[in-house]
Amino acid sequence: MTDQDDVVIEVAGATKTFVQRRRGERRLRRERVDVAAVRDVSFTVRAGEIVGYLGPNGAGKSTTIKMLIGVLTPTSGRLRVAGIDPARQRIALARRIGVVFGQRSTLWYDLPLRDSFALARHLYRIPDDRFQANLRRFVEMLDLGPFLDTPVRQLSLGQRMRGDLTAAFLHDPAIVYLDEPTIGLDVVSKAAVRAFLAETNRENGTTIMLTTHDTADIEQLCRRVLVIDHGRLGFDGELAVLRERLGGDRTLVVDLAEPLPALSVATPGARVIRVDGPRQWLAFPATASAAPLVAEIAARYPLVDLSIREPPIEEVVTRLYTSGAPTPRPAPD
Amino acid sequence: MAPVDEAGPVGVLRAQLGAYLLLVRIAFRQAAQYRASLALMTATEVAATMLDLAAIGIVFAHLPALDGFSLAEVAFLYGTSALAFALAEALVGPVDRLGWHIRDGRFDVVLIRPVSVLVQAATLSFAPQRIGRVVQPAVIVVVSCAALDVDWTAGRTLLVPAMVLCGTVIAGSAFVAAASVLFVAPDATVAVAALAQGSALAARYPMTIYGRRLGLLLTVAAPIGFVSWLPALYVLDRPDPFGLPFATRFASPLVALLAAAVATLAWRAGVRRYRSTGN
Amino acid sequence: MAVEATRARPSEVWAEARAWAAVAAATAKVNVAYRATVAASTLSNVIMTVLRGYLAIAVWEARPGLAGYDLDDAITFVVLGQALVTTFAVFGGMIDVPWRVESGAIVVDLARPFGFLRWWLARELGRAAVFFASRAVPAGVVGVALFGAQPPASRAAGAAFAVSLALALLVGFAIRYLVAMTVFWTTDVRGVLAASSLALTFFSGAVLPLTIFPGVFGSVARALPFAAVLQVPMDVYLRPAGGAGIGQLLAFQAGWAAALFTVSWLVTRVALRRLVTQGG
């Protein structure tokens with residue numbers, strides 16, 4: 001298979017501008033203002049990828065997802081999902097994709113969870129055997145058994161989200177979009193969601209695209225991240241590369257044979273940031289190799305043990321968001 | 001602000017009244033935000049009144065009398081009961097918003113505010129345009145009084161405003177009691193609204209049209225008859241077709257008090273239930 | 001796959017029918033989920049039917065022949081008509097579109113592989129089925145037991161009445177759907193809702209038989225689509241002497257149903273296009 005065949009999501013120069021009407025000062029006439037929510041965004045996603053889509057609130061994440069499911073048409077540019085123009089063939093596309101909105105359930109509030117799945121079976125025309133097999137598998141993976149017959153309104157947020165995940169995956173969709181699937185969940189539920197996504201991606205080859213503010217989601221699931229800010233795609237690549245590009249410091253932790261005053265090292269950019277008995281912490285640029293620094297310390301001091309820590313992803317993301325252009329936030333999200 | 005210990009029952013009442021008026025003012029201002037909608041709703045209220053009047057007019061144009069009651073007498077019954085229900089509805093409001101609030105869990109906000117829950121619930125659905133609904137029955141009362149062929153003694157004259165007042169309290173209590181059901185069944189909004197409408201409808205006509213058994217039931221148990229039927233029998237100087245004691249004609253204030261008490265208890269039970277189950 | 005080959009693929013029509021049935025069934029379940037609500041609603045339907053039955057007797061005893069109905073016809077009209085009022089949602093509303101647009105939940109509706117208009121119609125069928133069984137039937141039974149009512153003139157008339165009820169449901173739905181869809185163009189739908197509720201209540205014949213209105217006002221009232229919701233089904237049932245034939249009455253309903261559904265379909269297209277270009 002060539003790369004070309006593998007592409008399931010293709011976005012080329014997608015731009016979405018909204019017309020906002022503002023009431024002019026002391027005038028009845030309303031002014032029309034064009035606000036760009038997404039500007040000239042291009043990327044492709046290959047089958048089987050898990051892509052993290054990052055950006056601050058109002059950056060254009062939801063607008064992009066809505067364009068990909070056909071709920072919004074781009075003002076200009078081209079989108080193809082599974083070879084389909086989403087806005088033009090929204091319903092045909094809907095059968096082949098799954099969507100999870102973290103803040104908005106697709107489940108029937110007053111009915112037992114089971115009933116929402118039964119409805120999905122007929123709406124998505126899932127063959128009987130597939131439906132039964134998938135349901136059995138997801139119930140086991142997400143431990144839905146105890147509350148399958150409980151009305152959704154009585155479920156906790158975590159239970160509800162597990163139900164929403166099941167509903168989105170029951171029809172074996174080729175692509176699933178998740179808009180903040182872990183928002184508001186406790187640690188256990190977050191872990192369950194992540195494990196489920198990782199497994200369906202591995203076992204079924206489902207392509208997954210998720211937006212999130214939880215950096216642990218990205219760290220544990222996504223090799224590739226897209227970063228959008230002020231409607232523009234700022235980064236598209238591996239998480240490791242993003243980390244590197246944005247710099248920040250890595251930390252070398254050394255354990256010495258005896259407590260010493262702060263080491264003085266000659267390696268450029270390296271400096272001691274903390275001393276605690278025989279243990280010392282040295283910061284050095286993320287872009288630099290650790291080898292010269294380690295070699296220098298090992299040569300000059302009684303080194304017993306060492307470890308290297310990557311800059312936490314939170315820091316990377318914060319840096320990314322705050323380094324954006326200082327123009328006012330566009331677009332209703 | 002007055003210190004708390006000075007308040008006493010009168011002070012509490014005054015504070016709640018103040019809160020009520022404040023919330024009503026806010027409702028007015030909120031309604032003014034959507035001018036087109038407010039205009040349309042006001043127009044609808046006017047149209048509803050006109051159509052209602054047309055419907056009554058058409059029926060009575062064909063009817064010389066209803067169950068032995070003359071047109072003026074029926075109009076008097078109709079006007080006094082409709083006025084009482086309209087006043088109650090303007091003050092306490094229909095209950096639909098309350099049901100939605102309970103269902104969506106937004107009712108919690110109501111509970112944490114330092115204002116009586118009932119005052120807030122009454123103003124939740126306060127609709128300015130509903131005040132207009134009072135006009136039509138008021139006009140009917142005045143016109144029918146002028147048309148009635150009775151000896152307007154001081155007692156009769158005084159009884160007319162008194163019966164409207166008591167009727168308003170009874171109707172308002174019925175609304176509140178019905179609304180209490182929403183704490184148990186928040187989805188019953190439509191049914192509760194229909195029951196309120198049903199009692200308003202039932203009160204409009206001579207109780208005799210419902211036959212002796214149902215008529216008595218409605219009069220005494222519901223107790224719709226005390227809204228206007230029983231005091232009206234005194235004003236119209238008619239014997240009671242059901243043979244109830246003469247004193248029942250003046251029992252409306254007592255029934256109003258009783259109804260208010262029952263409604264208060266039902267409401268408190270509802271709020272207590274909501275607090276304990278959380279829903 | 002081997003499995004694919006051996007399994008007979010259900011036809012497109014069958015799959016579509018199953019989807020409709022599933023949506024209707026889920027909605028029906030929601031409508032019976034709150035027992036207390038159903039009980040309260042049934043009770044109020046019964047009470048209203050009884051009250052209006054007595055009122056009809058009082059009026060028509062004093063004035064037989066009013067609106068072209070004798071006492072028996074009038075009782076039948078009022079009892080059956082009142083029993084059906086909630087099934088056809090004569091008081092308006094019952095379609096959730098405005099709330100879903102305002103809250104943004106509409107996105108979920110658009111992400112489904114099922115058309116928007118048909119989604120709401122399928123839901124209406126589920127709701128109406130529950131309302132018919134739990135409100136109309138008990139109220140009708142009590143009404144008939146208390147007051148007696150005319151049976152349908154013939155088996156054919158009974159069948160025609162059933163068809164007429166189905167058409168009434170379609171017309172009533174389309175009217176309320178169009179009202180609900182105004183949310184795409186207005187910031188506050190309450191005004192439109194109130195106005196439509198009034199029009200439906202009054203001009204459907206739920207307050208008074210439309211035959212009571214004289215002159216031009218009466219002619220106009222009987223020609224409006226609202227008449228197709230209650231007045232016309234009752235006309236089909238009672239078939240008053242000198243009235244229009246059953247075929248004509250059904251054609252009147254079918255015509256309005258077709259017209260309103262065409263408009264609904266167009267409005268849906270325009271509204272959704274507006275939504276996908278301008279956002280929620």
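Since this is a predicted model, take the numbers as computed values, not measurements. (Residues numbered from 1 in each chain as written. Chains lettered and ligands numbered in written order. Predicted model: local features only at pLDDT ≥ 70, side-chain atom pairs only at ≥ 80, totals over all residues. Heavy atoms only, no water.)

(A) Looking closely at the environment of Val19(A). Residues and elements named next belong to chain A. Position of valine 19 among the secondary structure elements: in strand S1 (residues 7-23). We classify valine 19 as partly exposed; its relative accessible area is 34%. C-alpha separation for the pair valine 19 and isoleucine 65, spaced 46 residues apart in sequence, amounts to 19 Å. Contact partners of valine 19, with chain neighbours within four places excluded, come to Arg32, Val33 and Asp34. (Helix = DSSP H or I, 4+ residues; strand = E, 2+ residues; numbered from the N terminus. Buried < 20%, exposed > 50% of the residue type's maximum accessible area, 1.4 Å probe, protein only. Contact = heavy atoms within 4.5 Å.)

(B) Main features of the side chain of Thr206(A). Relative to the assigned elements, Thr206(A) resides in the loop between helix H7 (187-204) and strand S7 (207-211). Here Thr206(A) is in contact with Gly48(A), Glu49(A), Phe169(A), Pro173(A), Ala174(A), Ile175(A), Val176(A), Thr200(A) and Asn201(A), once residues within four sequence places are set aside.

(C) Examining the interface of chain A and chain C more closely. The interface of chain A with chain C comprises 30 residues on the first partner and 34 residues on the second. Around 2900 Å² of area is buried between chain A and chain C when both sides are counted, 63% of it from carbon and sulfur atoms. Considering only the surface of chain A that becomes buried against chain C, Trp108(A), Leu123(A) and Arg125(A) emerge as the three largest contributors, covering 22% of it. Remark: the boundary between chain A and chain C carries 3 salt bridges. Between Arg125(A) and Glu12(C) there is a salt bridge, and its shortest N-O distance comes to 3.0 Å. Where chain A packs against chain C, one counts 10 residue pairs in polar contact (both at pLDDT 80 or more). Broken down by secondary-structure element, the contributors of at least two residues to the side of chain A that touches chain C are S1, helix H3 (90-94), strand S5 (97-101) and helix H4 (113-123) of chain A. Of the residues assigned to the side of chain A that touches chain C, the class counts are 14 nonpolar, 5 polar and 11 charged. (Buried area = accessible area lost by both parts, 1.4 Å probe. Salt bridge = Lys/Arg side-chain N within 4 Å of Asp/Glu carboxyl O. Polar contact = N/O pair within 3.5 Å; in protein donor to acceptor, adjacent residues only side chain to side chain. Nonpolar A, V, L, I, M, F, W, Y, C, P; charged D, E, K, R; others polar.)

(D) Focus on the packing of helix H5 (residues 128-142) of chain A against helix H6 (residues 157-169) of chain A. Residues and elements named next belong to chain A. For the pair H5 and H6, the least separation of the axes is 10 Å and the interaxial angle reads 150 degrees. Put simply, H5 runs roughly antiparallel to H6. Read as a crossing pair, H5 and H6 show a hand that is right-handed. For the pair H5 and H6, the contacting residues are Asn134, Leu135, Phe138 and Leu142 in the first and Arg162, Leu165, Thr166 and Phe169 in the second. Among the residues making up the contact of H5 with H6, the classes are represented as 5 nonpolar, 2 polar and 1 charged. (Axes fitted to C-alpha atoms, helices over the stretch in contact; angles between N-to-C directions. Parallel < 35°, antiparallel > 145°, perpendicular 65-115°, else oblique. Left-handed = near helix turned anticlockwise from the far one by under 90°.)

(E) Just the sheet that holds strand S12 (residues 279-285) of chain A, in detail. Residue and element names in this part refer to chain A. Read across the sheet, 4 strands follow the order S11-S12-S10-S13 without closing on themselves; strand pairing throughout is antiparallel. Of all strands in the sheet, those bounded by a partner on one side alone are strand S11 (271-276) and strand S13 (303-309). Strand-to-strand twist in this sheet, taken as the mean axis angle between neighbours without regard to direction, amounts to 20 degrees. Against the sheet, helix H10 (residues 291-300) engages strand S10 (249-256), S12 and S13, with an angle of about 20 degrees to S10. (Pairing = 2+ DSSP bridges.)

(F) Spatial organisation of the nonpolar core. In terms of nonpolar packing, the biggest core is built from 233 residues, with Ile9(A), Phe117(A), Leu165(A), Tyr177(A) and Val97(C) touching the most fellow members. Considering every element that reaches this core, the biggest residue donor is helix H8 (residues 155-181) of chain C, with 14 residues. Counting 22 residues, the second largest nonpolar core, distinct from the first, contains Ile102(B), Val117(B), Ala185(B) and Val192(B). (Core = buried A, V, L, I, M, F, W, Y, C linked by side-chain atoms within 4.5 Å.)

(G) Here's a closer look at the packing of aromatic side chains. All names here are of chain C. Scanning all chains against the criterion turns up 27 aromatic pairs over all chains. Ring centres 5.3 Å apart and planes at 40 degrees place the aromatic pair tyrosine 69 and phenylalanine 77 in the tilted group. Tyrosine 69 gets classed as buried once you look at its relative accessible area, which sits at 1%. Linked through ring pairs, Phe202, Phe203, Phe213, Phe217 and Phe226 together constitute an aromatic cluster. (Phe/Tyr/Trp six-rings, centres within 6.5 Å; stacked < 30°, edge-to-face > 60°.)

(H) Up close: the sheet that holds strand S6 (residues 175-179) of chain A. All names here are of chain A. In space, the 6 strands of this open sheet follow the order S5-S6-S7-S3-S8-S9, with mixed pairing throughout. Pairing within the sheet leaves two strands with one partner each, and these edge strands are S5 and strand S9 (232-238). Averaged over all neighbouring strand pairs, the angle between strand axes comes to 15 degrees, with direction disregarded. Of the strand pairs in this sheet, strand S3 (residues 50-54) and S7 are connected by 4 bridges, and their pairing is parallel.

(I) How the structure looks around the UniProt feature "transmembrane region" (unreviewed entry) in chain C. Residues and elements named next belong to chain C. Sequence positions flagged by UniProt for "transmembrane region" (unreviewed entry) are, in local numbering, residues 43-62, 74-95, 128-150, 156-179, 191-213 and 250-272. Here residues 43-62 is 100% helix and 0% strand, with 29 Å between the C-alpha atoms at its ends. As annotated, residues 191-213 has a helix share of 57% and a strand share of 0%, and its two end C-alpha atoms lie 27 Å apart. (UniProt positions renumbered as here; feature names shortened; annotations may be inferred.)

(J) Region of the structure containing the confidence of the model for chain B. On average, chain B scores 81 in pLDDT, and the residues at 70 or more come to 91%. Per-residue pLDDT stays below 50 along residues 1-5 of chain B; that stretch engages in 0 contacts with residues further than four places along the chain or on separate chains. (pLDDT = per-residue confidence, 0-100.)

(K) Inspection of the pattern of salt bridges at higher detail. Tallied over the entire structure, the rule returns 26 salt bridges over all chains. The partner of Asp128(A) in a salt bridge is Arg121(A), and the shortest N-O contact between them spans 2.4 Å. Using a relative accessible area of 44% as the deciding quantity, one classes Asp128(A) as partly exposed. Owing to a relative accessible area of 17%, Arg121(A) belongs among the buried residues under this scheme. Residue Asp237(B) is joined to Arg156(B) by a salt bridge in which the shortest nitrogen-to-oxygen separation is 3.7 Å. One end of the pair, Asp237(B), is in the loop between helix H11 (229-235) and helix H12 (252-277); the other, Arg156(B), is in helix H8 (residues 154-184), with 81 residues separating them in the sequence. According to the relative accessible area criterion, Asp237(B) is exposed, its value standing at 56%. Residues joined by salt bridges that share partners form a network here, namely Arg125(A), Glu12(C), Glu16(C) and Arg118(C).

(L) Highlighting unusual backbone geometry. All names here are of chain A. Even without glycine at this site, glutamate 180 takes up a positive phi of about 50 degrees. Mapped onto the elements, glutamate 180 comes out in the loop between S6 and H7. Judged by relative accessible area, which is 11%, glutamate 180 ranks as buried. Positive phi outside glycine occurs at histidine 230, with the angle close to 50 degrees. Within the secondary structure, histidine 230 is located in the loop between strand S8 (224-229) and S9.

(M) Representation of the side chain of Thr219(B) within the structure. Within the element layout of this structure, Thr219(B) appears in helix H10 (residues 211-221). Excluding its chain neighbours within four sequence positions, the residues that come into contact with Thr219(B) are Met207(B), Ile224(B), Gly225(B), Phe226(B), Trp229(B), Leu230(B), Phe242(B) and Leu244(B).

(N) Region of interest: the state of the cysteines. Residue and element names in this part refer to chain B. As enumerated under the stated definition, the model contains 0 disulfides over all chains in all. Among the cysteines around cysteine 145, which has no disulfide bond, cysteine 166 carries the closest sulfur, lying 16 Å off. A relative accessible area of 16% means that cysteine 145 is categorised as buried. (Disulfide = S-S within 2.5 Å.)

(O) Highlighting helix H3 (residues 35-62) of chain C. For H3(C), with 28 residues, the first-to-last C-alpha span of 41 Å sits near the 40 Å given by 1.5 Å per residue. For H3(C), the tally of buried residues reaches 21 of 28 residues, placing the bulk of the element in the interior. (Expected span 1.5 Å × (residues − 1).)

(P) Just the pairing of S10(A), in detail. Residue and element names in this part refer to chain A. With respect to burial, S10 is a largely interior element, 6 of its 8 residues being buried. Sheet topology note: the S10/S12 ladder contains 7 bridges and is antiparallel. Within S12, the residue paired with arginine 250 across the bridge is phenylalanine 284. Inspection of the sheet shows S10 paired to S13 by 6 bridges, in the antiparallel sense. Counted as the bridge partner of valine 254 is leucine 306 from S13.

(Q) View of the environment of His122(A). Among the structural elements, His122(A) can be located in helix H4. Judged by relative accessible area, which is 18%, His122(A) ranks as buried. For the pair formed by His122(A) and Arg274(A), sequence separation is 152 residues and the distance between their alpha carbons is 62 Å. Residue contacts for His122(A): discarding those within four places in its chain leaves Arg18(C), Ala19(C) and Ala22(C).

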